[in-house]
Amino acid sequence: GAGVSQSPSNKVTEKGKDVELRCDPISGHTALYWYRQSLGQGLEFLIYFQGNSAPDKSGLPSDRFSAERTGGSVSTLTIQRTQQEDSAVYLCASSLRQASNEAFFGQGTRLTVV
Amino acid sequence: QQQVKQSPQSLIVQKGGISIINCAYENTAFDYFPWYQQFPGKGPALLIAIRPDVSEKKEGRFTISFNKSAKQFSLHIMDSQPGDSATYFCAAHNTGGFKTIFGAGTRLFVKA
């Protein structure tokens, strides 16, 4: 499809397990963002990739969280040793650096840690 | 300096009324100010956006008012409808490559 694709759409994991969340941005978009949204809350910035520049990791809440973006396209957010407070919807967005700068969001991955 | 402050946190409006959501920013390097609308279970989607060279932008029932000197901007929804019930996020962006900064969101409920 033409939009931002995230997988899985839902993930239930046991406390202490590692999880990987995937984001396929819109082709050609150089910027990619990960956000976390707890139930009924706002968008918590996690990490930002822009082209070949070093990513802005300033929003990652702990060293259990990491992300990579391979070949300037697909991104994976990894959470190690998951905790119950990690339960949230993880949203990915991509945009062009130029033009309208509109950020296109995926549907998100709902992570539940039990 | 990177924050965008949004208010109110929640808003209840009668059908046909005007919904007003306000945002303020600090970093004068921001040069693009979008508003996003999010329905339950969906990702946010761009609703309307403005650049600081204009003071107002209108698209249908949605209007952004921008005050550059006060570093404030607001979203006005005229003739609010129950279908407008959603969470609205303001944001600020710098086309020089800085990340987009989002406000905390406003949950709007329009009563029929």
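Residues numbered from 1 in each chain as written. Chains lettered and ligands numbered in written order. Predicted model: local features only at pLDDT ≥ 70, side-chain atom pairs only at ≥ 80, totals over all residues. Heavy atoms only, no water.

Colleague: Just checking my understanding: could you explain the environment of T100 of chain B for this structure?
Modeller: By the secondary structure assignment, T100 of chain B is in the loop between β9 (86-92) and β10 (101-102). The exposure class assigned to T100 of chain B is buried, which follows from its relative accessible area of 4%. Residues T100 of chain B and E56 of chain B lie 44 residues apart in sequence; the distance between their C-alpha atoms is 21 Å. Other than its neighbours up to four places away in sequence, T100 of chain B contacts Y33 and Y35 of chain A together with A91, A92 and H93 of chain B. Polar contacts involving the side chain of T100 of chain B include one to the side chain of H93 of chain B, which spans 2.7 Å. (Helix = DSSP H or I, 4+ residues; strand = E, 2+ residues; numbered from the N terminus. Buried < 20%, exposed > 50% of the residue type's maximum accessible area, 1.4 Å probe, protein only. Contact = heavy atoms within 4.5 Å. Polar contact = N/O pair within 3.5 Å; in protein donor to acceptor, adjacent residues only side chain to side chain.)

Colleague: Would you explain the sheet that holds strand β6 (residues 65-69) of chain A in this entry?
Modeller: Within a sheet, each strand pairs with its neighbour through backbone hydrogen bonds, oriented either parallel or antiparallel. All names here are of chain A. In space, the four strands of this open sheet follow the order β1-β3-β7-β6, with antiparallel pairing throughout. Edge strands, defined here as strands with exactly one partner in the open sheet, are β1 (5-7) and β6. In this sheet, neighbouring strand axes are inclined to one another by 15° on average, regardless of whether the strands run parallel or antiparallel. Taken together, the five bridges between strand β3 (residues 19-24) and strand β7 (residues 75-79) define a ladder with antiparallel strand orientation. Its bridge partner lying in β7, C23 is registered against S75. (Pairing = 2+ DSSP bridges. Axes fitted to C-alpha atoms, helices over the stretch in contact; angles between N-to-C directions.)

Colleague: I would appreciate a short explanation of the interface of chain B and chain A in the present structure.
Modeller: It is common to give the size of an interface as the accessible area lost on bringing the parts into contact. With 20 residues of chain B at the contact, the number on the chain A side is 21 residues. Taken together, both faces of the contact between chain B and chain A bury some 1,700 Å²; the carbon and sulfur share is 49%. Per-residue buried area on chain B facing chain A is highest for P44, K99 and F102 of chain B; these three make up 29% of the total on that side. Taken together, the links from chain B to chain A amount to zero salt bridges. If you look at where chain B meets chain A, you find four residue pairs in polar contact (both at pLDDT 80 or more). Class assignment of the residues belonging to the side of chain B that touches chain A gives a composition of eight nonpolar, eight polar and four charged. (Buried area = accessible area lost by both parts, 1.4 Å probe. Salt bridge = Lys/Arg side-chain N within 4 Å of Asp/Glu carboxyl O. Nonpolar A, V, L, I, M, F, W, Y, C, P; charged D, E, K, R; others polar.)

Colleague: So what exactly am I meant to see when it comes to the packing of aromatic side chains here?
Modeller: Aromatic ring pairs are described here by two measures, namely the spacing of the ring centres and the angle between the planes. All told, the structure shown has 17 aromatic pairs over all chains when counted by the stated rule. Measuring from ring centre to ring centre gives 5.8 Å for F105 of chain A and Y36 of chain B, while their planes differ by 80°; the resulting arrangement is edge-to-face. With one member in each of two chains, F105 of chain A in strand β9 (residues 104-105) and Y36 of chain B in strand β4 (residues 33-38) form a pair that bridges those chains. Here the aromatic rings of F105 of chain A and F102 of chain B are separated by 5.8 Å at their centres, their planes lie at 70°, and the arrangement is edge-to-face. Taken as a pair, F105 of chain A in strand β9 and F102 of chain B in strand β10 lie in two separate chains rather than in one. (Phe/Tyr/Trp six-rings, centres within 6.5 Å; stacked < 30°, edge-to-face > 60°.)

Colleague: What is the right way to look at the pattern of salt bridges in this model?
Modeller: One side chain can pair with another of opposite charge once the charged atoms of both are near each other. Residues and elements named next belong to chain A. Taken as a whole, this structure holds six salt bridges over all chains when the rule is applied. One salt bridge in this structure joins D86 and R64, with 2.8 Å as the shortest N-O distance. Of the two residues, D86 is situated in the loop between β7 and β8 (88-95) and R64 in the loop between β5 (44-50) and β6; the sequence distance between them amounts to 22 residues. Across the pair, exposure class does not vary: D86 and R64 are buried alike.

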